Amino acid sequence: MASTVTGLPERYRPLDEIGPEEHTETGVIRCWRAKDRVLNRDVAIRVHTPAGPAAHAWITRALTAGGLATPALAMVYDASEGREDGEDTPGGAAYVVNEWIDGETLSDRLAAGPLPERETRTLLRRLADGVAEAHRVGLAVGGLTPDNVVLRPNGLVGLRAVPAADGSVDGDVLALGALLEACLTGLRPGEAEPRPLQGPSDLVALARRARSTDPASGLSSVAAMAAILAERPRPAVAGSRPEPARGGSTRVEEDPDAGWLRKLKDRRTDTPSAQEPVRLDPQTLPPVPPVRPVTADGGPLPAAALGGDTVAAGSVTPVAGAYARPRGGAADHAGAFPDVPRGPDTGSSAIDDTDDGRRHKAVVIGLPLLALLVVIGLAWWVGSNVLSVAGSVDQGSTPSAQAPSSSVPAEDGAEVAAGEPAAISAADVFDPEGDGEPENDGDVPLTFDGDPSTAWSTLTYRGSPAFGNLKPGVGIVYDLGEARSLAGVTVQSPVPGATVEIRTADAVGGSLDDFDPAASGTLEDSTDLAFDEAVEARYVLLWITGLVDGADGFSAEIGEVTVTTAG
């Protein structure tokens with residue numbers, strides 16, 4: 001369904017008009033915030049009246065802006081020149097679809113006072129970078145006003161209404177200078193004009209240069225303005241003399257030895273290392289220090305306390321080198337190790353004879369035995385219980401069974417006996433996730449008028465049978481006037497293939513979860529959706545979850561609905 005006011009395609013649904021009208025030499029441009037039904041997102045749509053050749057120049061500028069990709073300028077999603085005699089038909093209007101930028105406008109922000117210096121530099125530099133990118137492709141942006149500049153929530157800045165109906169490169173420079181001046185003075189309501197221009201001297205000088213029309217003192221381009229804003233002021237260094245720089249600002253010469261470089265120089269030393277490498281004889285082994293633990297008085301522990309295989313490292317005689325003992329006969333070997341104390345035999349230790357050693361052995365042996373006894377006990381208990389149950393079964397004992405509750409059918413899979421059709425007193429469309437647009441509400445009575453040839457239809461959706469991925473479904477709530485015991489619902493459809501659910505409730509709520517599911521299925525020419533058990537309810541919801549593909553898109557039709565009571 002297209003808007004008869006703007007002549008937009010049915011893909012876009014205007015929500016509310018924003019901003020003032022923009023009057024141009026060729027017509028008037030109006031702007032709306034709208035909903036893109038296909039991509040389910042908010043967009044900004046500007047419509048030029050009249051359409052056709054009068055909007056050709058503006059649409060050409062919009063197509064040029066469509067190739068830009070900078071966060072400072074709203075992206076162009078779609079554009080059409082329209083038809084001069086078709087403004088009231090779908091697609092007949094001349095329009096440009098822009099990215100919708102959320103956030104606070106610069107005019108609202110400046111109503112509280114001037115911006116801080118750092119925020120002013122960042123905002124103007126980002127805007128200037130985006131406008132300079134447009135100038136590189138031959139596009140003058142236009143529309144650089146505080147009402148169109150938006151401060152995004154993520155700290156970036158964006159310009160709405162790209163591009164304006166007309167503009168020039170010099171006009172963009174002047175407009176950026178005016179924005180800089182507004183950021184320095186603020187836009188508090190009630191202040192007398194002109195407001196005093198004050199702030200950092202370099203920003204004040206830049207604003208005056210940008211707004212100057214004198215070629216000798218004015219700025220040559222927006223790119224030059226962006227470059228000046230990118231040069232952040234440096235703090236003055238003691239003993240340095242500022243010198244004038246381009247644009248009237250001052251530039252401070254930085255001490256070449258300042259900062260980390262000077263600290264690095266201070267840490268340098270010219271004293272060479274006094275130690276020289278020592279060359280050792282490869283055939284000489286150094287003395288081996290004793291590694292045996294010592295007692296409190298400094299003496300080594302006895303070998304018996306460390307085990308029979310422990311010897312003093314110093315008692316091992318090298319076989320070569322300066323510390324090697326000369327080889328001799330048996331007498332020499334017999335006296336080679338006169339001071340080595342003998343410990344107990346390998347595998348024995350003095351610790352084994354202590355109480356801790358005995359306790360350790362008892363724990364190591366006892367724990368596995370205890371675990372084995374536990375396993376045997378569990379096996380005996382399980383076996384005795386299984387044999388007891390088996391014996392009771394052999395003796396013909398049968399476990400007692402509880403009688404089924406009244407709400408459960410006596411036999412699994414058995415359907416509730418159907419009675420007479422229930423009278424429907426009223427019905428209405430149920431669309432909790434919709435966007436407010438009616439779903440042919442006036443045709444709902446055709447679904448219970450007794451004539452299957454008359455039908456109610458959903459709107460036509462595009463892109464997906466799941467309602468274009470815009471919502472989970474839509475339905476019709478039938479009021480039976482009072483609570484009845486129900487067995488099922490019969491649905492007749494002239495276009496089979498839609499998937500539905502039957503839900504019931506004692507009262508109508510605003511959410512799908514307020515209705516309890518009772519049955520579901522895919523519609524044929526006539527489909528009986530029987531309940532597994534009788535349901536006591538007053539309201540019956542026919543909830544459509546999947547549409548049928550057609551020539552113009554996806555939709556569903558309901559010819560006749562009959563609610564059957566339980567017999």
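This text goes with the structure placed above it.
Residues numbered from 1 in each chain as written. Predicted model: local features only at pLDDT ≥ 70, side-chain atom pairs only at ≥ 80, totals over all residues. Heavy atoms only, no water.

Engineer: Would you take a moment to explain the pattern of salt bridges for this structure?
Structural biologist: Once the charged atoms of two side chains with opposite charge are near each other, the side chains can pair. Following the criterion strictly, the structure yields 19 salt bridges and no others. A salt bridge links Arg 33 to Asp 16; the nearest nitrogen and oxygen atoms lie 2.9 Å apart. Of this pair, Arg 33 sits in strand β2 (residues 28-36) while Asp 16 sits in strand β1 (residues 12-23), and the two are 17 residues apart along the sequence. For Arg 33, a relative accessible area of 22% corresponds to the partly exposed category. One salt bridge in this structure joins Glu 117 and Arg 121, with 2.9 Å as the shortest N-O distance. Taken together, the residues Glu 117 and Arg 121, both in helix α3 (residues 117-136) and four residues apart, mark about one turn of the helix. Judged by relative accessible area, Glu 117 falls into the partly exposed class, the value being 36%. Exposure remark for Arg 121: the relative accessible area of 8% places this residue in the buried category. (Salt bridge = Lys/Arg side-chain N within 4 Å of Asp/Glu carboxyl O. Helix = DSSP H or I, 4+ residues; strand = E, 2+ residues; numbered from the N terminus. Buried < 20%, exposed > 50% of the residue type's maximum accessible area, 1.4 Å probe, protein only.)

Engineer: Help me understand the sheet that holds strand β3 (residues 41-49), please; the structure alone is not making it clear to me.
Structural biologist: Strand pairing in a sheet relies on backbone hydrogen bonds, with the paired strands running either antiparallel or parallel. Taken together, five strands build an open sheet; the order of strands is β1-β2-β3-β5-β4 and the sheet is antiparallel. The outermost strands of the open sheet, each flanked by one partner alone, are β1 and β4 (76-80). If you compare each strand with its neighbour and ignore which way they point, the axes differ by 20° on average. Bridge count for β2 against β3 is nine bridges, and the pairing is antiparallel. The residue of β3 that forms the bridge with Val 28 is Thr 49. (Pairing = 2+ DSSP bridges. Axes fitted to C-alpha atoms, helices over the stretch in contact; angles between N-to-C directions.)

Engineer: I'm lost on a nonpolar patch on the surface in this one. Help?
Structural biologist: Taken together, Val 363, Leu 367, Leu 370, Val 374 and Leu 378 make up a surface patch of nonpolar side chains, about 470 Å² in accessible area. Note that Val 363 resides in helix α9 (residues 355-394). Its relative accessible area of 45% is what places Val 363 among the partly exposed residues. (Patch = residues over 30% accessible without salt bridge, like charges linked within 9 Å, V, L, I, M, F, W, Y side chains within 5 Å. Areas by Shrake-Rupley, 256 points an atom, 1.4 Å probe, with all protein chains shown as cover.)

Engineer: How do you make sense of helix α5 (residues 201-211) when you look at a structure like this?
Structural biologist: Each α-helix turn comprises 3.6 residues. Residues three or four places apart therefore point the same way. Here α5 has its buried residues at Leu 203, Val 204, Leu 206, Ala 207, Arg 209 and Ala 210. Structurally, α5 contributes buried residues whose contacts are with α3, α4 (169-185) and α6 (222-230). (Contact = heavy atoms within 4.5 Å.)

Engineer: Whenever I open this one, the nonpolar core confuses me. Can you help?
Structural biologist: Where a protein is soluble and globular, its nonpolar side chains tend to be buried together. Counting residues in each nonpolar core, the largest one holds 52 residues, and the members touching the most others are Leu 123, Leu 124 and Leu 176. Ranked by residue count, the leading element in this core is α4, at eight residues. Core analysis: the second largest hydrophobic core is formed by 35 residues, Ala 422, Leu 480, Ala 519 and Phe 554 among them. (Core = buried A, V, L, I, M, F, W, Y, C linked by side-chain atoms within 4.5 Å.)

Engineer: Please clarify how unusual backbone geometry should be interpreted in this entry.
Structural biologist: Peptide bonds are mostly trans, and most non-glycine residues show a negative phi. At the junction of Thr 49 and Pro 50, the peptide bond is cis and its omega measures out at 5° in the coordinates. The residue Pro 50 is located in the loop between β3 and α1 (56-65) in this model. A positive phi angle, near 55°, is found at Asn 40, a position not held by glycine. Along the chain, the position of Asn 40 falls in the loop between β2 and β3. Its identity as a non-glycine residue notwithstanding, Ala 161 has a phi of 55°, on the positive side.

No statement about biological role is implied by the geometric values presented.
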